[in-house]
Amino acid sequence: MAGSVLTIKDLHVAIEGKEILKGVNLEIKGGEIHAIMGPNGTGKSTLSSAIMGHPKYEVTGGSITLDGKDVLEMEVDERAQAGLFLAMQYPSEISGVTNADFLRSAINSRMEEGNEISLMKFIRKMDSKMEFLEMDLDMAQRYLNEGFSGGEKKRNEILQLMMLQPKIAILDEIDSGLDIDALKVVSKGINEMRGEDFGCLIITHYQRLLNYITPDHVHVMMQGRVVKSGGPELAQRLESEGYDWIKQELGIEDETVGQEA
Amino acid sequence: MTTEIKLPFDKEYVSSFSKDMGEPAWLTELRLNALANAENLAMPKPDKTKIDKWNFTQFEKHIVGSEDFASLNDLPEDVRNLIDLEAGDQNLYIQRNNRPTHLSVSKELQGKGVIFTDIFTAAREHSDLLQKYFMKDGVKTDEHRLTALHAALLNGGAFLYVPKNVEIAEPIQAVYIHDNKEANLFNHVLVVADDNSSVTYVENYVSTVEEANGIFNIVTEVIANANAKVQYGAVDTLAKGTTAYVNRRGVAGRDARIEWALGLMNDGNTVSENTTNLVGDGSFGDTKTVVVGRGEQTQNFTTKVIHFGKNSEGYILKHGVMKDSASSIFNGIGKIEHGATKSNAEQESRVLMLSEKARGDANPILLIDEDDVTAGHAASVGRVDPLQLYYLMSRGISQKEAERLVIHGFLAPVVNALPIEGVKRQLTAVIERKVK
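What you see is a predicted model; the values in this text were computed from it and never measured.

A. A look at helix α9 (residues 399-415) of chain B. Counted at 1.5 Å a residue, the expected span for α9 of chain B with its 17 residues is 24 Å, and the 23 Å between its end C-alpha atoms agrees. At G409 of chain B, α9 of chain B shows its largest bend, some 25°, and a proline, P413 of chain B, comes one to four positions later. Packing partners of the buried residues in α9 of chain B comprise α3 (99-108) of chain A together with β13 (284-293), β15 (313-322), β17 (344-353), α8 (386-393) and α10 (421-435) of chain B.

B. Focus on the UniProt feature "domain: ABC transporter" (unreviewed entry) in chain A. Mapped onto this structure's residue numbering, the UniProt feature "domain: ABC transporter" (unreviewed entry) falls at residues 6-248 of chain A. Annotated as 35% helix and 27% strand, the span residues 6-248 of chain A places its first and last C-alpha atoms 31 Å apart.

C. Up close: the sheet that holds strand β9 (residues 217-222) of chain A. All names here are of chain A. Strand order in the open sheet formed by six strands is β6-β7-β8-β3-β9-β10, with mixed pairing between adjacent strands. Each having just a single partner strand, β6 (84-87) and β10 (225-230) make up the two edges of the open sheet. Along the sheet, successive strands turn relative to each other by an average axial angle of 20°, direction set aside. Of the pairings in the sheet, the one linking strand β3 (residues 33-37) to β9 comprises four bridges and is parallel in character. Note on β9: the bridge partner recorded for A35 is V218. Running over the sheet, helix α7 (residues 232-241) touches β3, β9 and β10 and is turned about 50° from β9.

D. Representation of the interface of chain A and chain B within the structure. At the junction of the two partners, chain A supplies 31 residues and chain B supplies 18 residues. Summing both partners gives a buried area of about 1,900 Å² for chain A against chain B, and 64% of it is carried by carbon and sulfur. When residues of chain A are sorted by the area they lose upon contact with chain B, D77, M88 and I94 of chain A head the list and together hold 24% of the total. At the surface where chain A touches chain B, the tally comes to one salt bridge. Among the ionic pairs, E157 of chain A bridges to R395 of chain B, the shortest N-O distance being 2.6 Å.

E. Highlighting the pattern of salt bridges. All names here are of chain A. Enumeration over the complete set of coordinates arrives at 30 salt bridges over all chains. Of the charged contacts, one joins E27 and K29 as a salt bridge, the two residues approaching to 3.6 Å between their closest N and O atoms. Several salt bridges converge on common partners, so that one network encompasses D244, K247 and E255.

F. Main features of the pairing of strand β2 (residues 99-104) of chain B. Residues and elements named next belong to chain B. Relative to β2, strand β1 (residues 92-96) is paired through five bridges, and the arrangement is antiparallel. Within β2, the position partnered with R96 by the bridge is R99. Linking β1 back to β2 in an antiparallel pair, the connection comprises two residues, with N97 at a positive phi of about 50°.

G. The arrangement of the environment of G53 of chain A in detail. With respect to the secondary-structure elements, G53 of chain A resides in the loop between α1 (44-52) and β4 (57-66). Sequence-wise, G53 of chain A and L72 of chain A are 19 residues apart; in three dimensions their C-alpha atoms are separated by 7.6 Å. When near neighbours in sequence (up to four residues on either side) are disregarded, G53 of chain A contacts V76 and R79 of chain A together with Y390 of chain B.

H. Quick look at the pairing of strand β4 (residues 156-162) of chain B. All names here are of chain B. Counting buried positions along β4 gives seven out of seven residues, so the element sits mostly inside the fold. In this sheet, β4 lies alongside strand β3 (residues 115-118) in antiparallel orientation, the contact comprising four bridges. Across the sheet, residue F116 finds its bridge partner in β4, namely L160. In terms of strand pairing, β4 meets strand β6 (residues 187-193) through seven bridges, oriented parallel. Paired with A158 across the strands is V189, a residue of β6.

Rules and cut-offs
Residues numbered from 1 in each chain as written. Chains lettered and ligands numbered in written order. Predicted model: local features only at pLDDT ≥ 70, side-chain atom pairs only at ≥ 80, totals over all residues. Heavy atoms only, no water. Helix = DSSP H or I, 4+ residues; strand = E, 2+ residues; numbered from the N terminus. Expected span 1.5 Å × (residues − 1). Bend = angle between axes of the 7 residues up to and from the residue. Contact = heavy atoms within 4.5 Å. UniProt positions renumbered as here; feature names shortened; annotations may be inferred. Pairing = 2+ DSSP bridges. Axes fitted to C-alpha atoms, helices over the stretch in contact; angles between N-to-C directions. Buried area = accessible area lost by both parts, 1.4 Å probe. Salt bridge = Lys/Arg side-chain N within 4 Å of Asp/Glu carboxyl O. Buried < 20%, exposed > 50% of the residue type's maximum accessible area, 1.4 Å probe, protein only.

So, in structure tokens, the structure goes:
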């Protein structure tokens, strides 16, 4: 059976009373990889936080549904259980909780009581995914993200993605701060997830990541809206020509949120 | 200035109780002197917690009748979980309210001259030894009203004596069961480790009643003579409604070590003092404390290490979690006396508040009267980070489970470092129960 569908309609989002998203429309289906590009301050990360339910962001209008179910009605954990995943730009550090204990709790939260994953099966799965991502196996016993380098945190986000196997994943600047080797590993992880049952929204500043992960759709955000959509060739044009031609085409002077045309 | 109080028990009662227990004359006298002092002495003043409205003096019963348990298997479940029923030749004392109800001491320890018994038997059978240490160098009867009352009304406790050069590997365990709502406990534990000996003692104060108004006035003295090592573990789980004064104090001689592993998990109002006097040169004191406060309770935890000896080392590490409307003060005091050169005093206190109404305060204090020393402190008080919870929940973990993980994580650096396995295991279980 085909994958899930995440539908975002006319989404308006505010933070501390200030409107950041001003009507975003987007549909991501299982099997598709979308990339959202755009300069800083145009609302890309706000979109990802709003989808996951970050406590600081207030949805003031529009809708988000997953397979027709109202995501905005769900608590954060319910969104994850429904099949959403967000690889965060700045993952929290949690002292005293090992990576392994955390991931096991996360996996078991999706299981019926009494049907939890066995410890052996869990360890095998975690070891194999860590090897795939060229992570030091000791990281399973380290406290969650505590003292991790920027690159280790990003790999750890992808490890969680591979362990939890969500239906729709949003990757918020998964490529920022990565050297080329780490970028390749992270891309390898994401590509491994590709399939009919997996939809993905990649948020990035850089075309660089898209050299390793070919998106099916590319969108450009400015002023809190998707202002242009296209195929992979759009990303390439942005890489070579920058964003000015879009701004000219649309008559936008300042692309950041709050600067109306 | 002190307020006059009328004590519920007079000297006729105290001297006849002492006589009924067959106590030696010195102890009767110590009780009567303390009783006379109690009326005039001031209450203790735990820093930053007002306890003048707390009832430590007015109660009905000094002794409640308690039956023996037919066998260890008949112990309440909460108690059975604390002990190893399978162990054959174990060292275990169980007291039910005021009544000594079980004692086993292994043949091996008896053969080595180790004394482990209830405090009344100790007074009768080891009078001279008890007298040598009882409320002498550790806690004194005239420190304040509560130590005086404690001595006057002593109604339970245990005595452990480890002779010179005897090293005991297995922990020695004591369980003080509180299962009668009318019970009040003036419990005294005296642990003496003579030169070059080593011992681990683990105790539980456990209420099996949900709620009670009992008064608990508990004093522990640990005397570690030259080059002795004492590990002292305690998990307190007294019921809601109880009022507790718990004073655990150690005196370390030359090159002696005292290590405390304390889980202070009472559900009632509690003043808990833990002091280590590093008297001898080269002595070592280490206190690790874990606290979970919940409900409406008010607590004060004062941990103090006082350096008298040269080259003495003192470490304080305590982490506390406050839930609901619980409020707590964490005082950490490292004091280096003049002459205690090359000493090192380190402390760390951290408090995590889980709700808007919970209160926590950490006061790190270093008092240093000597130049040639090292010292350090760290303290933090904060609320649970909503972004941590968001992160965990974004992986499907429920809010409750996320909070549970954060709390365990917060306490883990202390729990994992506890020197006694049994205490670690018990504490993990108690924390689990309290944070649910």
